[in-house]
Each structure stands twice: as C-alpha cells, then as structure tokens.
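# Coordinate inspection notes
So you can see what is in the structure, the chains are spelled out below.
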Amino acid sequence: EKSVPNVSYNGSTVASCPNTFIVSSKIDWTPYFKLICEKIPYPLNKERKEKSGEKAEVYNLQMTTLAIGDLAFATVPCEWHDTCGRSVREASPFLMTFIHGYTNGASRYIPAAFCWNNGGYEVKSCYFECGTGEKMARHHIDKLWELYRS
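In short, a report on the structure. Since we're looking at a predicted model, the values are computed, not measured. Here the residue index of a chain counts from 1 through its sequence in written order. Where totals are concerned, whole chains, interfaces and linings use all residues; where local detail is concerned, this predicted model gives features only for residues with pLDDT of at least 70, and gives and counts side-chain atom pairs only at 80 or more. Each side-chain value is derived from all of the structure's non-hydrogen atoms; neither hydrogens nor water enter the calculation.

### A short note on the overall build of the chain
Strands are runs of DSSP state E lasting at least two residues, helices are runs of H or I lasting at least four, and both sets are numbered from the N terminus onward. Looking only at helices and strands, one finds four helices and eight strands in the chain. Each helix and strand of the chain, placed in order from N terminus to C terminus, yields the pattern β-β-β-α-β-β-β-α-β-β-α-α. Looking at the 150 residues of the chain, the share that counts as buried comes to 35%. Should any heavy atoms of two residues lie within 4.5 Å, those residues are counted as being in contact. Within the chain, contacts between residues at least 6 apart in sequence are counted, and of these 60% link residues at least 24 apart. Every accessible area reported is derived by Shrake-Rupley at a probe size of 1.4 Å, with residue values counting cover from the shown protein chains alone. Surface exposure of the chain reaches about 9700 Å², of which carbon and sulfur atoms provide 54%. For every residue, the accessible area obtained with a 1.4 Å probe (protein chains only) is divided by the maximum for its type, and the residue is called buried under 20%, exposed over 50%, and partly exposed between those limits.

### Some words on the sheet that holds strand 7 (residues 96–100)
Here, strands pair whenever DSSP counts at least two bridges between them. The strand order across the open sheet formed by four strands is 3-4-5-7, and the pairing between neighbours is mixed. For this open sheet the edge positions go to strand 3 (33–43) and strand 7, each flanked by a neighbour on one side alone. Strand-to-strand twist in this sheet, taken as the mean axis angle between neighbours without regard to direction, amounts to 15°. Examined bridge by bridge, strand 3 and strand 4 (residues 58–68) share eleven bridges and lie antiparallel to one another. Bridging from a neighbouring strand, L35 pairs with L66 of strand 4. Angles run from 0 to 180 degrees between N-to-C directions of axes, and those axes are lines fitted to C-alpha atoms, restricted for helices to the stretch in contact.

### Focus on the nonpolar core
The tendency in soluble globular proteins is for nonpolar side chains to be buried side by side. Residues belong to a common nonpolar core when they are buried Ala, Val, Leu, Ile, Met, Phe, Trp, Tyr or Cys residues joined through side-chain atoms within 4.5 Å. Counting 27 residues, the largest nonpolar core has Y42, W80, V88, I110, F128 and M136 as the members making the most contacts within it. The dominant element in this core, judged by the number of residues it contributes, is helix 4 (residues 132–149), at five residues.

### Re the side chain of T65
In this structure, T65 sits in strand 4. At 2.9 Å, the side chain of T65 forms a polar contact with the side chain of H140. In contact with T65, not counting residues within four places along its chain, are K34, L35, I36, F73, H140, K143, L144 and L147. Whenever a nitrogen or oxygen atom comes within 3.5 Å of another N or O atom, the pair is scored as a polar contact, on the condition that within protein one atom can donate a hydrogen and the other can accept it, and that pairs from neighbouring residues in sequence are kept only if both atoms are in side chains.

### Things to note about the pattern of salt bridges
Throughout this description, the term salt bridge denotes a Lys or Arg side-chain nitrogen within 4 Å of a carboxyl oxygen of Asp or Glu. Under the criterion given, the structure shown has five salt bridges. The closest approach of N and O atoms between R86 and D82, which form a salt bridge, is 2.6 Å. Here R86 and its partner D82 are both found in helix 2 (residues 82–91), four residues apart, which amounts to about one turn of the helix. Looking at D82, the relative accessible area reads 43%, which means it is partly exposed.

### Concerning the side chain of H140
Considering the arrangement of structural elements, one finds H140 in helix 4. By relative accessible area, which is 0% here, H140 ends up buried. Ignoring any residue separated from it by four or fewer positions in sequence, one finds H140 in contact with M63, T64, T65, A74, T75, V76, W80 and V88.

### What about a nonpolar patch on the surface?
Only residues above 30% relative accessible area that lack a salt bridge enter a patch, with like-charged residues linked at up to 9 Å and the nonpolar side chains Val, Leu, Ile, Met, Phe, Trp and Tyr linked at up to 5 Å. The grouping of L95, M96 and F98 at the surface amounts to a nonpolar patch, some 310 Å² of accessible area in total. Structurally, the position occupied by L95 is in the loop between helix 2 and strand 7.

### Notes on unusual backbone geometry
Not every positive phi belongs to a glycine, and Y102 is a case in point at roughly 55°. The topology assignment puts Y102 in the loop between strand 7 and strand 8 (109–110). Look at Y102 and you get partly exposed, because its relative accessible area is 47%.

Read these as spatial facts, not as claims about activity.
See below:
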C-alpha cells in the first residue's frame, strides 16, 4: 500500500510526520510581484451628499492592481456591478484576471452608468455619481496594461 506524503507550505512537520515535503518555504516571491496600490478620488453623488449632510466633494477609494506572472488581481472597495468587472477582465492583457470586491474597505454598491435610468437599490444606495463604476474600470484597465508592460 502506497501512502500520500504530507505537505507543509510554511515550516516543518518532520517531528509529527517524517514523510513531509516542504513546499515553497524559502522562496523569495518579490521578483514575481508587480503591485500598484493607490487612493483615487471619486466625486460623491450630489443628491445623496445633500441628504446626508456630507461636506466632502470626493471620497478616496483604495484601488489595488496586482500581477503575479500571468495572473492579475484588481480590487475594488465596494460591490461593483458585474458589467464593470467583466469589462476589466475582458480588456486585461493577462492570461487570467480576478476581480475582488469589498477589499480595502466597503463603499456600498457602485452600479454601472446604464443602471441609473432604472433606479432601484443599487442606485439609491450608491454614494458616488453616475459613471463612477466605469471610471474605476478604466483605472484598472490602465494599471493592468502598465503592469503588463513593466
């Protein structure tokens, strides 16, 4: 009967499992990472701003774009309309691009521009002006291409 060896990703388990193989425990991943992390100002929705008494004109959203080899990750601090995320994925030069929402904070829902005519929960709960979702997508597309070319 053959046994499957135990695998440890960080550290040694030799004492408890003598057939353990250590995988990637001493690899310096730094040369493989390309990262852009920025706070981007987006204008607030004027109607919501007036109702809430908010004084700021813009709010800085933490946007992170990360590439590791042929993989890319684009993060948004909100629940983003699926068409915005798909547009980033389709325009990305990387083999695989993952979109992650609710990262670096949570700024509620950000709908696509075409949703504004329909109203509904997404528009009513959005703190930002119409078109913010597409501006965020354009930002990530530009940054993905910047990482790809570097």
